[in-house]
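In case you want the letters, here they are:
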Amino acid sequence: MRFLLCLAVVLFGCVASLPEDHTLSADIACETARMVVQLRHEIAPTPVSDECENCDGTGKIGDGKIVMTCPVCRGTGKKLKSVCKDCPK
């Protein structure tokens, strides 16, 4: 029974605390969304690795019995700087 009483107080308290001015409610929602976007951009990105994503930096792919050189990194285990051989610089 106490739970229902607390729930009712929380629900009615939250409804009673909302502003009557709808433009103010929209401004609060807009400001909240802006802050969420701003905080997402402040999170540090994961460090960039030069490790090949296809072979996880080993230079080889396979299931254990059959192993072959990774065609993406050509066995180096590192990402290639450029895929294009004749690209204009």
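Residues numbered from 1 in each chain as written. Predicted model: local features only at pLDDT ≥ 70, side-chain atom pairs only at ≥ 80, totals over all residues. Heavy atoms only, no water.

Draft legend 1. Looking closely at the overall build of the chain. Across its full length, the chain carries 2 helices and 2 strands. Reading the chain from its N terminus to its C terminus gives the helix and strand order α-α-β-β. Residues counted as buried form 7% of the 89 residues belonging to the chain. A separation of at least 24 residues holds for 23% of the contacts in the chain among residues at least 6 apart in sequence. When the accessible surface of the chain is totalled, it reaches about 8300 Å², and 65% of it is carbon and sulfur. (Helix = DSSP H or I, 4+ residues; strand = E, 2+ residues; numbered from the N terminus. Buried < 20%, exposed > 50% of the residue type's maximum accessible area, 1.4 Å probe, protein only. Contact = heavy atoms within 4.5 Å. Areas by Shrake-Rupley, 256 points an atom, 1.4 Å probe, with all protein chains shown as cover.)

Draft legend 2. Fine view of unusual backbone geometry. Its identity is not glycine, yet D56 carries a phi of approximately 60°, on the positive side. Looking at the element boundaries, D56 is found in the loop between α2 (22–42) and β1 (60–62). We note that R74 has phi near 60°; this positive angle belongs to a residue other than glycine. Residue position: R74 is located in the segment after β2 (67–69).

Draft legend 3. Inspection of the pattern of salt bridges at higher detail. Evaluated as defined, the whole model comprises 3 salt bridges. Salt-bridge contacts for D50 lead to K78; the nearest nitrogen and oxygen are separated by 3.7 Å. Pair noted here: D50 is in the loop between α2 and β1 and K78 is in the segment after β2, with a separation of 28 residues, a long-range link. With relative accessibility at 41%, the residue D50 sits in the partly exposed group. (Salt bridge = Lys/Arg side-chain N within 4 Å of Asp/Glu carboxyl O.)

Draft legend 4. How the structure looks around the environment of G59. Looking at the secondary structure, you find G59 in the loop between α2 and β1. Under the relative-accessibility criterion, G59 is labelled buried at 1%. Placed 17 residues apart in sequence, G59 and T76 show a C-alpha to C-alpha distance of 5.2 Å.

Draft legend 5. Spatial organisation of the state of the cysteines. For the coordinates displayed, the defined rule picks out 0 disulfides. The thiol of C52 is not disulfide-bonded; the next cysteine sulfur, from C55, is found 3.7 Å away. There is no disulfide at C73, and the cysteine sulfur nearest it, in C70, is 3.7 Å away. (Disulfide = S-S within 2.5 Å.)

Everything listed here is a matter of geometry and, on its own, says nothing about what the molecule does.
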